[in-house]
Amino acid sequence: MSGGRQVPTALGDALARWGGTTSRRDFLKTSGLFVFGVSGVGVAGAGRWGFGTEPSGGESSEPASYPDPDFLQLDSWLVVHEDGTATFYVGKTDGGQGTGTATQQMMCDELDLAFDQARVVMGRTDMTVDQGGSGGSDAIERDAMVGRRIAAEARRVLLEMASERLGVPVEGLSVSEGVISLRDDPARTVTYGELIGGGRFDVALTGGNINATTGVASIKPVQDLKLVGQSIPRYDIPGKVDASLEWAVDVRLPGMVHARNVRPPFAGATLSAIDELSVRDLPGFIRVVSEGNYVAVVCEREEQAIEAAERLVVEWEKPATAPFPASDDLFDYMRSAERVPGSGGRGAARAQGDPDGALASAATVVEAAYDIPFHGHTAIGPAHALADPSDGQMTIYTNDMKPYSHRTGIAEFLGMDPEQVRVIWMDGPQLYGRTAADDAGFEAAYLARELGRPVRVQWMRHEETAWDTKGPAFAIDLRGGLDADGNVVALDYRGRIANYAHVGYNQARTVLIAQLMGFRPERPSPGGGRGPDEMYYIPNRRQETRAVRFPLAFETPLRTGNLRDPNGPQTTFAGESFIDELAAAAGADPVEFRLRLLRGATDDDEAFRRARSIAVVEAAAEAYGWDARPSPGTVGSGRVLTGRGIAYAYRARTTIAVIAEVEVNRETGRVWVRRMVCAHDCGLVINPNSLESTIQGNLLHGISRTLYEEVRFDGEKVTSVDWRTHPTLTHMDTPEQIDVVMVNGDPNPDRPDLRPYGAGEPSHRPVPAAIANAIYDATGVRMRRLPLRPERVLEELGYAGL
Amino acid sequence: MSEITLRVNGETHTLDVDPSTPLLYVLRNDLGLRGPRFGCGLAQCGTCTVLMDGRAIRSCNRPVSRSTGEITTLEGLPENGELHPVQQAWIDEQVPQCGYCQNGQILTAAALLSYSPNPSDDEIREGMNRVLCRCMTYYRIQSAVKRAAEAMAEGEDR
Ligand code: FES
Ligand code: FES
């Protein structure tokens, strides 16, 4: 730390853990472990604010700089302290799925340390190598595998040092919990701390990019891993239970002030006037800051900023054209809108055989249309950040899941040299993609520079629910053909996705503040969208997805971003509901029908996805106690109807099958998912309990999106603004029983090189279809539009005369 | 501004704040507490929960002038340096994911168990229902409430 700035306690702790005589930064600096980069060019007008010439607080000093730790140096990743404990510097973030703990387990295993002999520091751009932060469920699959190689290399070097010190060849040594001993004379030992404690390895690594980084040591066979596979309690939990953990919302700096945004009341509105007099006399008022259509109020105290933002009188001009259709007309609009040229993206298309011909000659043709609305993140804690502009640098305290792009994005936005910007990730409310385009950090940094003081921003609830990034809406049309024996001969999938100008990761021109200030990306994303991911063998098929756009593409509360398993729940809802429709048309049991489609293929795919798909479908059916019969079952005459449904999918290399058992109350329309079974194959499991927790969260979040969640809007604004207008799953809806079955369906389950595959999101995607299929089983009524709130369920049951 | 006296976690604080200030901001910004957090400001979610005279209340819309009872925040829940059985159960069941909501979950559970020491599954669902979790840790929360109830019953027997 430089310039004598205050270090929040948690960070002080993190630094203290390092326990050396110099700071982490000095350690990296003196060892030449920083990589010096080039300056950025400002989006928001480089140099316009003249920042960097006048330090804002304290004595003037050289502007701080935060170069990148060099990932090709072992010392950037790992430090062994005098007491033999280690600190791992990990360029990821942990949203509460336990990736930090799991990474620690994996690295300790390779280094032969006990779990408690190490610590993990995550997501600080000045201290941890740039592994991109979180996203794509890759923390364990990809990044922690790099960590294993690094730790293995450190162990190799330490063994060589011991060999020299003890005069014994490496083969004659063994290690346990950081103590190296002679195999022949276990009393002769030397510890890691004695060998290197606090010193540098000075070992260069190789690799064309950070994900390929490696030393010369090889990682251990799975059979030799002791901590991997154990349900070690997560290190972050005690501090979350006793309030000792310092979160990004908790950081307080001397002289800091509070800001609140004032959003346009109508999408696409233009600011015409601000009446500052409306707030000037309020206690604690400091300033109204505005540029373009971005408006914020800054006050001394938080509640003062909230009140001032409410009271500020702003005149807005409505746009000439409606920005988007009302949510009630959304799907008609999407089906009739023009497709965006170039949209769809890789992975969206599939073409084989002659689907039209096969449909024309099929014995039975089934057609169905599925509609999935926009889903919000609606994080439990609204977006927030604190920015400190002191001493010519900018430090942002944030829960941004991608601190590295946050840093470069903010540097570009403000026209600062990225080396003068530092992003410190700290715990925060759920990420799930929301904080990959974390608007609040940009706002805090902009305001801090304007004010020359540390500024803390937090969004209000109405703002978060209405204006956060959205998971895109889908309108999906399917046609399928069966032959006379009930085999699927053709499948035609056509999806439309409202995903134009999908925001990137913390891009200086797509975050909300930049849009409101009038910046536009040079090339807006045309809008990608995958189809359902499954391994079914269907000889003739077509699958394509195209994006549609609304009149208003920017400054819109319907701007799309990544939401947990982007596209997965929506497309799998359509795909796996439709497979169920085909099974019903064929009079087949839904599990049997799927297994037949999976077994029909002969080739296997990367990571044995087909074999592992079969394994999870079978395991789910067995764990549930599935009795083979076609759906629907016998529809009872009672008030509450029960049924069960299955859905299966893969995501990347993880395969999942989910079975839902539902109760449908035909008088109230309430659906309760009473029981859920999830069979899950993500290869090597690092921490079963933590993985189970993640899967449970995915399942319940899936239930919430299926039964309740929908972003509602009229022709001019989003009307989902709080927990009443945007309901979510509650304690009342929680299943009575959730069974998670970890499957290892690898053809060679004991392979020593078994890898972990991403597990953060995959189990989310089959949930909506499993529930809809269960409702069909219970009632014989097919639900094709989400969400399934009681009103809609009653309406659909009513149409069917139930 | 005016003088306000608050009793928080067994200590008395005298503060010079606007009496209409919601308790939440005083606890967080003046007393430096981290347990109660802002979630909605509308009394809809529960992240700002504190105990007042043993009852779980929402501090986001409670004026500090009407916060005259004995306030306990998550920080003040342990007794004699030992975690409250609910907190211990939360660790044993590995409940939190992000953890942002867990202040409200833990304090609501502690209040629930103080007046209903042996709640049925339905009583747990109903008693906890107004505390939202967007990581959807409800299933583990409900198990942890049961575990805490058992631990507290055992503690009484001893
Ligand atoms: S913040 Fe108080 S109930 Fe939501
Ligand atoms: S644990 Fe994240 S909101 Fe409850």
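Everything numeric in this text was worked out from a predicted model, so none of it was measured.

1. Considering the overall build of chain B
Then comes step 1: When helices and strands are counted, chain B shows 5 helices and 5 strands.
Then comes step 2: The order of α-helices and β-strands along chain B, N terminus first, is β-β-α-β-β-β-α-α-α-α.
Then comes step 3: Here the C-alpha radius of gyration of chain B, 16 Å, is about what a compact globule of 158 residues would show, namely 15 Å.
Then comes step 4: Dimensions of chain B, computed from C-alpha atoms along their principal axes, come out at roughly 45 × 35 × 25 Å.
Then comes step 5: Residues counted as buried form 57% of the 158 residues belonging to chain B.
Then comes step 6: Taking the contacts inside chain B whose residues are at least 6 apart along the sequence as the reference set, 54% of them involve residues at least 24 apart.
Then comes step 7: When the accessible surface of chain B is summed, it comes to about 6300 Å², and 42% of that surface belongs to carbon and sulfur atoms.

2. Structural notes on helix α12 (residues 439-451) of chain A
Note on helix geometry: an α-helix contains 3.6 residues per turn, so any two residues three or four positions apart are oriented the same way.
Residues and elements named next belong to chain A.
Then comes step 1: Between its terminal C-alpha atoms α12 stretches 18 Å, which fits the 18 Å expected from 13 residues at 1.5 Å a residue.
Then comes step 2: Counting buried residues in α12 gives 13 out of 13 residues, a clear majority hidden from the surface.
Then comes step 3: At the exit of α12 stands G452, carrying a positive phi of roughly 70°.

3. Re the nonpolar core
Then comes step 1: Formed by 110 residues in total, the largest nonpolar core has its most connected members in A:L582, A:F593, A:Y648, A:M676, A:L699, A:I703 and A:I771.
Then comes step 2: Core analysis: the next-biggest nonpolar cluster, separate from the first, contains 56 residues, A:L414, A:A440, A:L451 and A:A473 among them.

4. Quick word on the packing of aromatic side chains
Residue and element names in this part refer to chain A.
Then comes step 1: The final tally for this structure, using the stated rule, is 13 aromatic pairs over all chains.
Then comes step 2: Connected via pairs of aromatic rings, a cluster forms that spans Y294, F413, F442, Y446 and F519.
Then comes step 3: Sitting over the face of the ring of Y505, K402 holds its NZ or CZ atom 4.3 Å from the ring centroid.

5. So, the sheet that holds strand β15 (residues 364-372) of chain A
Residue and element names in this part refer to chain A.
Then comes step 1: Taken together, the 5 strands give an open sheet; going across it, the order is β14-β24-β23-β22-β15, and neighbouring strands pair in mixed fashion. Looking at the sheet topology across the chains shown, the edges are occupied by β14 (350-352) and β15. Pairs of neighbouring strands in the sheet enclose a mean axial angle of 10°, with direction left out of account.
Then comes step 2: Bridging between strand β22 (residues 474-482) and strand β23 (residues 488-497) involves 9 bridges; their strand directions are antiparallel. Note on β23: the bridge partner recorded for I476 is G495.

6. With respect to the pairing of strand β9 (residues 257-262) of chain A
All names here are of chain A.
Then comes step 1: Counting buried residues in β9 gives 6 out of 6 residues, a clear majority hidden from the surface.
Then comes step 2: Burial of β9 is two-sided: the residues V257, A259 and N261 facing one way and the residues H258, R260 and V262 facing the other way are all buried.
Then comes step 3: Looking at chain direction, β9 and strand β20 (residues 455-458) are connected through 3 bridges and run parallel. Bridge pairing in β20 places A259 opposite V457.
Then comes step 4: The pairing of β9 with strand β12 (residues 294-299) spans 5 bridges and is antiparallel. In the sheet register, N261 faces β12, and the bridge partner there is A296.

7. Quick word on a negative patch on the surface
Then comes step 1: Residues B:E150, B:E154, B:E156 and B:D157 make up a contiguous surface patch of negative charge.
Then comes step 2: By the secondary structure assignment, B:E150 is in helix α5 (residues 138-157).

8. Quick notes on the interface of chain A and chain B
How big an interface is tends to be reported as the loss of accessible area on association of its parts.
Then comes step 1: Contacts between chain A and chain B engage 66 residues on the former and 50 residues on the latter.
Then comes step 2: Together, the buried faces of chain A and chain B total about 4900 Å²; carbon and sulfur atoms form 55% of this surface.
Then comes step 3: Contact with chain B buries surface across chain A, with A:V241, A:I380 and A:H731 losing the most and accounting together for 18% of the total.
Then comes step 4: Across the pair A:E709 and B:R134 runs a salt bridge whose closest N-O atoms are separated by 2.7 Å.
Then comes step 5: Counting across the interface, chain A meets chain B through 34 residue pairs in polar contact (both at pLDDT 80 or more).
Then comes step 6: Looking at the side of chain A that touches chain B, the elements that each hand over two or more residues are α6 (237-241), α8 (302-311), α18 (688-707) and β28 (737-742) of chain A.
Then comes step 7: Here the side of chain A that touches chain B takes 9 residues from α18(A), the largest share from any one element.
Then comes step 8: In terms of residue class, the side of chain A that touches chain B is made up of 23 nonpolar, 26 polar and 17 charged.

9. Regarding the domain arrangement of chain B
Residue and element names in this part refer to chain B.
Then comes step 1: As far as domains go, chain B holds domain 1 (2-76) and domain 2 (85-157).
Then comes step 2: Relative placement of domain 1 and domain 2: their C-alpha centres are 21 Å apart.
Then comes step 3: Taken together, the contacts link 19 residues of domain 1 with 14 residues of domain 2.
Then comes step 4: Between domain 1 and domain 2, roughly 1200 Å² of surface is buried when both sides are summed, and carbon and sulfur atoms account for 54% of that area.
Then comes step 5: Counting the contacts that link domain 1 with domain 2 gives 0 salt bridges.
Then comes step 6: In this assembly, domain 1 and domain 2 are joined by 9 residue pairs in polar contact (both at pLDDT 80 or more).
Then comes step 7: Where the side of domain 1 that touches domain 2 is concerned, the elements lending two or more residues are β3 (49-52) and β4 (55-58).
Then comes step 8: Looking at the side of domain 1 that touches domain 2 element by element, the count peaks at 3 residues for β3.

10. As for helix α1 (residues 23-30) of chain B
Then comes step 1: Where burial is concerned, most of α1(B) is hidden: 6 out of the 8 residues are buried.
Then comes step 2: Structurally, α1(B) contributes buried residues whose contacts are with α8 of chain A together with β1 (2-8), β2 (11-17), β3, β4 and β5 (70-72) of chain B.

11. Observations concerning unusual backbone geometry
Residues and elements named next belong to chain A.
Then comes step 1: The residue after S631, namely P632, is reached through a cis peptide bond having omega -5°.
Then comes step 2: Note that P632 resides in the loop between α17 (609-624) and β25 (640-651).
Then comes step 3: In this chain, L786 is followed by P787 through a cis amide linkage whose omega measures -5°.
Then comes step 4: Non-glycine residue N567 carries a positive phi angle of around 80°.
Then comes step 5: Here N567 lies in the loop between β24 (540-547) and α15 (568-585).

12. Quick look at the confidence of the model for chain A
Residues and elements named next belong to chain A.
Then comes step 1: Chain-level pLDDT for chain A is 92 on average; 92% of the residues reach the 70-or-more range.
Then comes step 2: In this model, residues 1-22 is a region of pLDDT below 50 whose contacts with residues beyond four sequence positions or in other chains number 47 contacts.
Then comes step 3: In this model residues 36-60 is a low-confidence stretch, pLDDT under 50, and it forms 46 contacts with partners more than four residues away in sequence or in other chains.

What counts and how
- Residues numbered from 1 in each chain as written.
- Chains lettered and ligands numbered in written order.
- Predicted model: local features only at pLDDT ≥ 70, side-chain atom pairs only at ≥ 80, totals over all residues.
- Heavy atoms only, no water.
- Helix = DSSP H or I, 4+ residues; strand = E, 2+ residues; numbered from the N terminus.
- Rg over C-alpha atoms; globule rule 2.2 N^0.38 Å.
- Buried < 20%, exposed > 50% of the residue type's maximum accessible area, 1.4 Å probe, protein only.
- Contact = heavy atoms within 4.5 Å.
- Areas by Shrake-Rupley, 256 points an atom, 1.4 Å probe, with all protein chains shown as cover.
- Expected span 1.5 Å × (residues − 1).
- Core = buried A, V, L, I, M, F, W, Y, C linked by side-chain atoms within 4.5 Å.
- Phe/Tyr/Trp six-rings, centres within 6.5 Å; stacked < 30°, edge-to-face > 60°.
- Lys NZ or Arg CZ within 6 Å of the ring centre and 35° of its normal.
- Pairing = 2+ DSSP bridges.
- Axes fitted to C-alpha atoms, helices over the stretch in contact; angles between N-to-C directions.
- Patch = residues over 30% accessible without salt bridge, like charges linked within 9 Å, V, L, I, M, F, W, Y side chains within 5 Å.
- Salt bridge = Lys/Arg side-chain N within 4 Å of Asp/Glu carboxyl O.
- Lys, Arg positive; Asp, Glu negative; His and termini not counted.
- Charge placed at Lys NZ, Arg CZ, Asp CG, Glu CD.
- Buried area = accessible area lost by both parts, 1.4 Å probe.
- Polar contact = N/O pair within 3.5 Å; in protein donor to acceptor, adjacent residues only side chain to side chain.
- Nonpolar A, V, L, I, M, F, W, Y, C, P; charged D, E, K, R; others polar.
- Domains from an automatic or database assignment.
- pLDDT = per-residue confidence, 0-100.

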